[in-house]
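# Tertiary structure, described
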Amino acid sequence: QVQLVESGGGLVHPGGSLRLSCAASGFTFSSYVMSWYRQAPGKEREYVARITNTVYSTNYANSVKGRFTISRDNAKNTVYLQMNSLKPEDTAVYYCNVVIGYSYWGQGTQVTVSS
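Summary of the structure given here. Worth saying up front: this structure is predicted, and the values here are computed from it rather than measured.

### Describing the pairing of strand E8 (residues 78–83)
- The buried fraction of E8 amounts to 5 of the 6 residues, a majority that puts the element mostly inside the structure.
- In terms of strand pairing, strand E3 (residues 18–25) meets E8 through 6 bridges, oriented antiparallel. The partner of leucine 18 across the bridge, within E8, is methionine 83.
- With 6 bridges connecting them, strand E7 (residues 68–73) and E8 associate as antiparallel partners. When the bridges of E8 are listed, serine 71 appears paired with tyrosine 80.
- Between E7 and E8, which pair antiparallel one after the other, the connecting turn spans 4 residues, and asparagine 77 there sits at a positive phi close to 55 degrees.

### A few points about the sheet that holds E8
- In space, the 4 strands of this open sheet follow the order E1-E3-E8-E7, with antiparallel pairing throughout. With partners counted over all chains shown, the strands left at the sheet margins are strand E1 (3–7) and E7, one partner each. Sheet twist, expressed as the average angle between the axes of neighbouring strands with direction ignored, equals 15 degrees.

### Details of the side chain of serine 35
- Of note, serine 35 is situated in strand E4 (residues 34–39).
- Aside from chain neighbours lying at most four places away, what touches serine 35 is Ala49, Arg50, Tyr95, Cys96 and Asn97.

### Regarding the pattern of salt bridges
- According to the stated counting rule, one finds 3 salt bridges in the structure shown.
- Linking glutamate 46 and arginine 38 is a salt bridge whose minimum nitrogen-to-oxygen distance equals 2.6 Å.
- Glutamate 46 sits in the partly exposed class, given a relative accessible area of 35%.
- Here aspartate 90 and arginine 67 are joined by a salt bridge, their closest N and O atoms 2.7 Å apart. Here aspartate 90, found in the loop between E8 and strand E9 (92–100), pairs with arginine 67, found in the loop between strand E6 (58–60) and E7; they are 23 residues apart in sequence, far enough to count as distant. Accessibility classification places aspartate 90 together with arginine 67 in one group, the buried group.
- Look at the salt bridges and you will find they share partners, linking Arg38, Glu46, Arg67 and Asp90 into a network.

Calculation rules
Along each chain, numbering runs from 1 in the same order as the chain's sequence is written. In keeping with the model being predicted, local features are shown solely for residues with a pLDDT of at least 70 and side-chain atom pairs are shown and tallied solely at 80 or more, while totals for entire chains, interfaces and linings include all residues. For the side-chain quantities, the full set of heavy atoms in the structure was used; hydrogens and water were omitted. Accessible area is worked out with a 1.4 Å probe on protein chains only. A residue is then buried under 20% of its type maximum, exposed over 50%, and partly exposed in between. The numbering of helices and of strands both runs from the N terminus, where a helix is a DSSP run of H or I of at least 4 residues and a strand a run of E of at least 2. Should DSSP find at least two bridges between two strands, the strands are taken to pair. With axes taken as lines fitted to C-alpha atoms, and helix axes fitted only over the stretch in contact, angles between N-to-C directions fall between 0 and 180 degrees. When checking whether two residues touch, look at their non-hydrogen atoms; a contact exists if any pair is within 4.5 Å. Salt bridge, as applied in this entry: a Lys or Arg side-chain nitrogen positioned within 4 Å of an Asp or Glu carboxyl oxygen.

See below:
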């Protein structure tokens, strides 16, 4: 079955960096677009970034463009989100996502940006 396991979250000061990872299993990872979403307390889940499966084309939400970088390693079945210049408004639970007919989500990893 499809499994997505996020890791790498934590507490970081404003201006700091974190690298999230999402380990995927149960499907042919190299065949699918992978995405990151986030959900802040009291808010709806929102799109962050995505990366295609072959040419590694990327797309970002305006709120993170220029600060976050999505990447993937098809040999390791893992997608990453490098987050730089973090702001308090980036505080959220970050989720990995893949759509294979149905939308699959991981359990999420908490990112807290606070001084």
